[in-house]
Amino acid sequence: MIQIVALILKKSIRYGGDEQLEPKSNHITWHDSNINRKDRCISNQHRSCALWLTGLSGSGKSTLAFALEKALFARKVSSYVLDGDNIRHGLNQDLGFSPEDRKENIRRIGEVSKLFVDAGLFVIAAFISPNEKDREMVREMFEPEDFLEIYIKCSLEECERRDPKGLYRKAREGKIPNFTGISAQYDVPAHPHIVIDTEHLTIEASIALLLEQLESRHYFMEGNAIYSP
Ligand SMILES: Nc1ncnc2c1ncn2[C@@H]1O[C@H](COP(=O)(O)OS(=O)(=O)O)[C@@H](OP(=O)(O)O)[C@H]1O
Ligand SMILES: Nc1ncnc2c1ncn2[C@@H]1O[C@H](COP(=O)(O)OP(=O)(O)O)[C@@H](O)[C@H]1O
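Definitions and limits used
- Residue positions are given per chain, counted from 1 along the sequence in the order it is written.
- Naming scheme: in the order in which they are written, chains are lettered from A and ligands are numbered from 1.
- Where totals are concerned, whole chains, interfaces and linings use all residues; where local detail is concerned, this predicted model gives features only for residues with pLDDT of at least 70, and gives and counts side-chain atom pairs only at 80 or more.
- The side-chain quantities take in all heavy atoms of the structure and omit both hydrogens and water.
- UniProt positions are given in the numbering used here, feature names are shortened, and annotations may be inferred rather than shown by experiment.
- Here a Phe, Tyr or Trp ring, Trp counted by its six-membered ring, pairs with any other such ring whose centre lies within 6.5 Å, and the pair is stacked when the planes are under 30 degrees apart, edge-to-face when over 60, and tilted otherwise.
- Each helix is a run of DSSP H or I of at least 4 residues and each strand a run of E of at least 2, with the numbering of both proceeding from the N terminus.
- Whether a residue is buried, partly exposed or exposed follows from its accessible area with a 1.4 Å probe, protein chains only, as a fraction of its type maximum: under 20%, in between, or over 50%, in that order.
- Here a residue is near a molecule or strand as soon as one of its heavy atoms is found within 4 Å of it.
- Polar contact criterion, stated in full: a pair of N or O atoms within 3.5 Å, where within protein one must be able to donate a hydrogen and the other to accept it, and residues adjacent in sequence count only if both atoms are side-chain atoms.
- All accessible areas in this document rest on Shrake-Rupley with a 1.4 Å probe, and a residue is counted as covered only by the protein chains that are shown.
- Any residue outside Ala, Val, Leu, Ile, Met, Phe, Trp, Tyr, Cys, Pro, Asp, Glu, Lys and Arg is labelled polar, Gly included; the first ten of those are nonpolar and the last four are charged.
- For this analysis, a nonpolar core means a set of buried residues of the types Ala, Val, Leu, Ile, Met, Phe, Trp, Tyr and Cys, connected via side-chain atoms within 4.5 Å.
- It only takes one pair of heavy atoms within 4.5 Å for two residues to be counted as in contact.

You'll find the protein entered in an unreviewed UniProt entry as Adenylyl-sulfate kinase, with Paenibacillus oenotherae given as the organism. UniProt, in its Pathway (unreviewed entry) section for the protein, records the words "Sulfur metabolism; hydrogen sulfide biosynthesis; sulfite from sulfate: step 2/3." The annotation that UniProt attaches to the protein under Sequence similarities (unreviewed entry) is "Belongs to the APS kinase family."

Encoded structure:
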């Protein structure tokens, strides 16, 4: 009995309800870098920011993330894509698709995204991130101006029609448990900063809209104004 209670407590500390994770050791010390984020942004000639793409499988997250990375590269804006499928091949290969594992997946990517933003880069994180609470957890890791939630909007019917990896067919056949949209929930973002409707926009139009949004929100400002916080 005591062991069961200890196990439950350990799990709730690891994944949390609302509680923050704490380092496992008290004997660790934070070291500041000699170069701060402002220096890096000035050197890069652009601000840094986390662009968080959320949406159903097949909605177009990866397609748009990599197209945006290319478009930013052409503008000499340094960015890097963190893509769900790719990250699950390495850093998060120990995680599955239970709600707890998805939460840990999103938490780790939030932390990695913070490092990218501190490094003076744009990070484009493309994850289904189906749970509103998990997305909120990530949002709260950042200053408001450093984080944009981008909802890649596409109906389940269209995602299933596209089915680029044949996963919906397998999920319908019962071969993939907890499949988002079929046997696991997707919470539609209540207040995303940007919505990209991939059922009604081409890939090119979506990228143009994203660049326009970043421009109008002053993420490409140059000179002394490039770093606002
Ligand atoms: N059960 C289940 N549900 C949803 N998706 C599944 C599942 N099993 C495997 N896959 C594949 O994993 C990719 C999603 O990984 P993510 O890390 O983005 O998921 S999550 O944010 O933790 O929910 C997802 O990639 P995308 O299609 O690019 O979204 C799938 O290729
Ligand atoms: N407007 C659009 N934006 C993005 N993808 C689109 C669009 N129209 C069709 N597609 C297609 O939909 C599929 C989306 O797959 P993918 O980018 O892997 O989605 P996700 O990463 O969300 O699972 C691709 O085959 C892509 O070519």
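Anyway, onward from the coordinates.
Novice: What exactly am I supposed to notice about the packing of aromatic side chains here?
Specialist: The description of two aromatic rings rests on the distance between their centres and on the angle between their planes. In the structure shown here, the tally under the stated rule is eight aromatic pairs. Ring centres 5.6 Å apart and planes at 15° place the aromatic pair Y80 and F116 in the stacked group. Residue Y80 is found in strand β2 (residues 79–83), and its partner F116 is found in helix α5 (residues 99–118); the two are separated by 36 residues along the sequence. Y80 gets classed as partly exposed once you look at its relative accessible area, which sits at 45%.

Novice: Honestly, the site of ligand 1 in this entry has me stumped. Any pointers?
Specialist: Close contacts around ligand 1 come from 22 residues, with S57, R88, R102, N105 and K165 the closest. The side chain of S57 places a nitrogen or oxygen atom 2.5 Å from an oxygen atom of ligand 1. Compared with its free state, where it exposes 630 Å², ligand 1 has 92% of that area covered by protein. Mapped onto the shell around ligand 1, the elements with two or more residues apiece are α3 (61–74), α4 (84–87) and α5. At three residues, α5 tops the list of elements feeding residues into the shell around ligand 1. Class assignment for the residues of the shell around ligand 1 results in nine nonpolar, eight polar and five charged.

Novice: Please explain the nonpolar core as it appears in this structure.
Specialist: One broad rule of soluble globular proteins: the nonpolar side chains tend to lie buried together. Grouped together as the largest cluster of nonpolar side chains are 24 residues, with contacts concentrated most on L51, L72 and F122. Broken down by element, the residue count for this core peaks at five residues, all from α3. In this structure L72 touches V77, S79, F122, I124, L211, L214 and F220, once residues within four positions along its chain are discounted. If you look at the next biggest cluster of nonpolar residues, it comprises 16 residues, including A50, V117, A125 and F127.

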